[in-house]
Amino acid sequence: MSWKVTVRQGPEVKRERFATLDQAVDEARGQLDAARRGGRLGTVSMLRDFTPDVRVQARVEISSPGLLRGREGGIDLMGDGSMVAYLGAIRKRRLEADTLDEALERLREALG
């Protein structure tokens, strides 16, 4: 059994499997760091304005091993550079964190 890390950035989706939760969290950190270096998103105007703080630049999800849906959570990198950690896939529960390190630690605790 393995932990799955899914990275969504723009139209690209990448999936990798890891033997341990620690390895999956380390990969999540690397992917988020790379996405942060890519710059920030601007405002998009359609029927209304979508400012960078409500636009998701990249989403990194971690799923636990198992045949049926197990524990899932992730971190959204917003267009303004802020991060939102959450637990759950359909009904997301926000995990309070001020930094990337805190977000990853909260996610590790919640999934572990």
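It should be emphasised that the depicted structure is a prediction, and the values quoted were computed from it without experimental measurement.

Definitions and cut-offs
Residues numbered from 1 in each chain as written. Predicted model: local features only at pLDDT ≥ 70, side-chain atom pairs only at ≥ 80, totals over all residues. Heavy atoms only, no water. Pairing = 2+ DSSP bridges. Helix = DSSP H or I, 4+ residues; strand = E, 2+ residues; numbered from the N terminus. Expected span 1.5 Å × (residues − 1). Buried < 20%, exposed > 50% of the residue type's maximum accessible area, 1.4 Å probe, protein only. Arc of directions from axis to C-beta. 1 Å grid on protein atoms, 1.4 Å probe; cavity = no way out; pocket = protein on both sides within 12 Å on 5 of 7 lines; lining within 4 Å. Points joined across faces, edges and corners; volume = space filled by probe spheres on them. Nonpolar A, V, L, I, M, F, W, Y, C, P; charged D, E, K, R; others polar.

(A) Spatial organisation of the pairing of strand β1 (residues 3–9). In this structure, β1 lies alongside strand β2 (residues 12–18), joined through seven bridges in antiparallel fashion. Across the sheet, the residue bridging to Gln-9 is Glu-12, located in β2. Taking the residues that link successive antiparallel strands as the turn, the β1-β2 hairpin has two residues, and the phi of Gly-10 there is positive, at about 60°. As defined by bridge partners, β1 adjoins strand β5 (residues 56–63) across six bridges and the pair is classed as antiparallel. The residue bridging Thr-6 from the neighbouring strand is Glu-61, located in β5.

(B) Expanded view of helix α1 (residues 21–37). Taking 1.5 Å of rise per residue, 17 residues should cover 24 Å, and α1 covers 24 Å from first to last C-alpha, within 8% of that figure. The complete set of buried residues in α1 reads Leu-21, Ala-24, Val-25, Glu-27, Ala-28, Gln-31, Leu-32 and Ala-35. One side of α1 carries all its buried residues, which in axial view fall inside an arc of 160°. After α1 finishes, the residue Gly-39 shows a positive phi value of roughly 100°.

(C) Quick look at empty space enclosed by the protein. A full pass over the atoms with the stated rule returns one cavity of 30 Å³ or more. The computed volume of the largest cavity comes to approximately 40 Å³. Surrounding the largest cavity, Val-5, Val-7, Lys-14, Arg-15, Glu-16, Glu-27 and Gln-31 form its lining. At the level of elements, β1, β2 and α1 are the ones that each hand at least two residues to the lining of the largest cavity. With three residues, the single largest contributor to the lining of the largest cavity is β2. Across the lining of the largest cavity, the residue classes break down as two nonpolar, one polar and four charged.

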